[in-house]
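Examination of the molecular architecture
The lines below spell out each chain.
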Amino acid sequence: MEDKKVYGVRCKACGKELYPAHALCPECGGREFEPIEIRGEGVVLTYTDVYALPLDYALRYLRLAIVELESGLRATGQLLDDDPKIGKRVRVTVGVVRERGEEKIYGLQFVPV
Ligand SMILES: [Zn+2]
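A quick note: this is a predicted structure, and the numbers were derived from the prediction, not measured. (Residues numbered from 1 in each chain as written. Predicted model: local features only at pLDDT ≥ 70, side-chain atom pairs only at ≥ 80, totals over all residues. Heavy atoms only, no water.)

1. A short note on the pairing of strand β7 (residues 89-100)
One ladder, built from three bridges, connects strand β4 (residues 41-50) with β7; its direction is antiparallel. Note on β7: the bridge partner recorded for V43 is R89. (Pairing = 2+ DSSP bridges. Helix = DSSP H or I, 4+ residues; strand = E, 2+ residues; numbered from the N terminus.)

Shown next as structure tokens:
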């Protein structure tokens, strides 16, 4: 596993956690956030395979999932599972989700527990 971390944000006004970050809190309209590390385990709420990807993706397709973490945060990331199921338990990791020339872009990934 890569020694990288992915951060979401927590609204300073209402405590709502978001990943990816938004400019405005969808719960209360707040604009001030503090970073939170996205980690731990959760369950797959839904997933989908995306085939029409930008050229800098090294993948043939991208399997995206929305996972509800133990904190209640619903995070979107890449699902690394050949046998995905709704309700399946997964763990958060961080890996390279795309490469732009020399630059590697890290993002959230989910693997089965
Ligand atoms: Zn808020």
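Past the structure itself, the notes keep going.
2. Quick notes on the nonpolar core
One recurring pattern in soluble globular proteins: nonpolar side chains tend to sit buried together. Counting residues in hydrophobic clusters, the biggest one holds 16 residues, and the most contacted among them are Y19, I38, V67, L69, L108 and F110. Elements that contribute at least two residues to this core include exactly β5 (62-69), β6 (74-79), β7 and β8 (103-112). L69 has contacts with I38, R39, E41, G42, A75 and V92, leaving out every residue within four places of it along the chain. (Core = buried A, V, L, I, M, F, W, Y, C linked by side-chain atoms within 4.5 Å. Buried < 20%, exposed > 50% of the residue type's maximum accessible area, 1.4 Å probe, protein only. Contact = heavy atoms within 4.5 Å.)

3. Concerning the pairing of strand β1 (residues 7-11)
Here β1 pairs with strand β3 (residues 33-37) via five bridges, running antiparallel. Looking at the pairing, G8 lines up with I36 of β3. Linking β1 to strand β2 (residues 17-18), which pair antiparallel, is a turn of five residues; within it G15 sits at a positive phi near 85°.

4. Observations concerning the sheet that holds β7
With mixed pairing, the five strands of this closed barrel are ordered in space as β4-β5-β6-β8-β7. For this sheet, the mean inter-axis angle between neighbouring strands, taken without regard to orientation, is 40°. Across eight bridges, β4 lies against β5 in antiparallel orientation. Each residue of the ladder has a partner; that of T48, found in β5, is L64. (Axes fitted to C-alpha atoms, helices over the stretch in contact; angles between N-to-C directions.)

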